[in-house]
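# Chains, contacts and geometry: an overview
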Amino acid sequence: MDPDDHEGYVDRWSRAHGGYDVRSSRPARAWLRIAHFLGAPLARRGVPPTRVTLVGGLGAVAVGAVAALGGRWPLLAAVLVVVVAVLDGVDGAVAELTDSATAWGRVVDQLVDRVGDLSMVAGLWALGAPGPLCAAAAVLTVLDEAIRGGAAAEGVGGVGLVSFPERPARLVIGGLALLAAGVVPTAAATVVSVAAAIWTLLAVVATVQLVVNVRRQLHGRPHRVIGDA
């Protein structure tokens, strides 16, 4: 498709996400406009989407390492959270604009997302959040995404895989906590502890929602096997 065709990109994105009507949501439409604006030049130059994903992966790993330095360094970690979030949208835009989306690309994208989640949790722990709380946040986050992946493999889609606290919520919680910790280093331990508690609470809510929704949709449905249409 023409990399400069924004409306065409929006239509392709909607089809790739279960027919979600992007035009009904101003935040989603604004987010896709940003992703398209940044992704179109890369698409014109033939940059592979996986390259963008891997750059985002490096940034994701750096979040926790930079935050662990303490002092004002969490400010840079917060900036990296924003950069990683943007690249997470740009790689998808490049894939759609160049018609190069692949199953492997989606796997790598999911892997980078989980690395980013765990790196943010590690950063909160390094800045003083209780270890058990951070461990719970990390385990529940990975569990939630495992439920989504398993359900998707069984053909569940749309609302069945949606929970109130999604990855954007985790990015906001982690990013704001790191920002506050960098602005007021003396209060870093308190700020990140509150953030870890909120993250864990939302992860519990997400787990309950997903289990209920997925069980409801899969109840009585025969198991899918490899080769099923």
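A brief look at the structure comes next. (Residues numbered from 1 in each chain as written. Predicted model: local features only at pLDDT ≥ 70, side-chain atom pairs only at ≥ 80, totals over all residues. Heavy atoms only, no water.)

## With respect to a nonpolar patch on the surface
Quick note on the threshold: To count toward a patch, a residue needs a relative accessible area above 30% and no salt bridge. Like charges then connect within 9 Å, nonpolar side chains (Val, Leu, Ile, Met, Phe, Trp, Tyr) within 5 Å. In these tables, accessible area is a Shrake-Rupley quantity obtained with a 1.4 Å probe, and a residue counts as shielded only by the protein chains included in the view. Definition used for salt bridges: Asp or Glu carboxyl oxygen within 4 Å of a side-chain nitrogen of Lys or Arg. Numbering of helices and strands starts at the N terminus; helices are DSSP runs of H or I of at least 4 residues and strands are runs of E of at least 2. The cut-offs for exposure are 20% and 50% of the maximum accessible area for each residue type, with area from a 1.4 Å probe on protein chains only; residues under the lower value are buried, those over the upper are exposed, and the others partly exposed.
Residues Leu69, Trp73, Leu76, Val79 and Val83 make up a contiguous nonpolar surface patch of roughly 460 Å² in combined accessible area. Note on placement: tryptophan 73 falls in helix α4 (residues 73-97). A relative accessible area of 44% means that tryptophan 73 is categorised as partly exposed.

## With respect to helix α2 (residues 26-44)
Let me state the cut-off plainly: Multiplying 1.5 Å by the residue count of a helix minus one yields the expected span of that helix. In this analysis the local bend is the angle between axes fitted, respectively, to the seven residues ending at and the seven residues starting at the residue.
Over its 19 residues, α2 runs 27 Å from end to end, which matches the ideal 27 Å to within 8%, given 1.5 Å per residue. Of all the bends in α2, the largest measures some 30 degrees and sits at leucine 38, one to four residues before the proline proline 41. Two residues or fewer after α2 comes glycine 46, characterised by a positive phi angle close to 75 degrees.

## What about the packing of helix α5 (residues 103-126) against helix α8 (residues 188-218)?
Packed helices, taken two at a time, are described by their axes: the angle between them and the distance between them. Here is the rule we go by: With axes taken as lines fitted to C-alpha atoms, and helix axes fitted only over the stretch in contact, angles between N-to-C directions fall between 0 and 180 degrees. Any angle that falls under 35 degrees is termed roughly parallel, while one over 145 is termed roughly antiparallel, one within 65 to 115 roughly perpendicular, and all others oblique. Residues are treated as being in contact if the distance between any of their heavy atoms lies within 4.5 Å. When residues are grouped by polarity, Ala, Val, Leu, Ile, Met, Phe, Trp, Tyr, Cys and Pro land in nonpolar, Asp, Glu, Lys and Arg in charged, and all others, Gly among them, in polar.
At a minimum axis distance of 9 Å, the contact between α5 and α8 shows a crossing angle of 140 degrees. Looking at the two axes, α5 sits oblique to α8. For the pair α5 and α8, contact is made by Asp117, Met120, Val121 and Leu124 and by Val192, Ala195, Ala196 and Trp199, respectively. Residues that form the contact of α5 with α8 fall into these classes: seven nonpolar, no polar and one charged.

## Focus on the environment of valine 86
Relative to the elements of secondary structure, valine 86 occurs in helix α4. Between the C-alpha atom of valine 86 and that of leucine 38, which follows or precedes it by 48 residues, the distance is 9.0 Å. Among residues more than four places away in sequence, those in contact with valine 86 are Trp31 and Leu38.

## So, the packing of α4 against helix α7 (residues 167-183)
This is how the line gets drawn: Two helices crossing with the near one rotated counterclockwise from the far one by less than a right angle form a left-handed crossing, whereas a clockwise rotation gives a right-handed crossing.
Packing of α4 against α7 leaves a shortest axis separation of 7 Å and a crossing angle of 160 degrees. On the basis of the axis angle, α4 is roughly antiparallel to α7. Here α4 runs over α7; the crossing is left-handed. In contact with Pro74, Leu75, Ala77, Ala78, Val81, Val84, Ala85 and Asp88 of α4, α7 contributes Arg167, Leu171, Gly175, Leu178, Leu179, Ala181, Gly182 and Val183. Here the residues of the contact of α4 with α7 are counted per class, giving 12 nonpolar, two polar and two charged.

## Some thoughts on the pattern of salt bridges
Enumeration over the complete set of coordinates arrives at nine salt bridges. Aspartate 117 is the salt-bridge partner of arginine 167, the closest N and O atoms lying 2.6 Å from each other. You can see arginine 167 sitting in helix α7 and its partner aspartate 117 sitting in helix α5, a full 50 residues away along the chain. Taken as a pair, arginine 167 and aspartate 117 share a single burial class, namely buried. One salt bridge connects glutamate 145 with arginine 170, and the closest N-O pair in it is separated by 3.2 Å. Of the two residues, glutamate 145 sits in helix α6 (residues 131-153) while arginine 170 sits in helix α7, which places them 25 residues apart along the sequence.

## Focus: unusual backbone geometry
Non-glycine residue aspartate 99 carries a positive phi angle of around 55 degrees. Take aspartate 99: it is sitting in the loop between α4 and α5. A relative accessible area of 56% places aspartate 99 in the exposed class.

So far we have only geometry, and geometry alone does not tell us how the molecule works.
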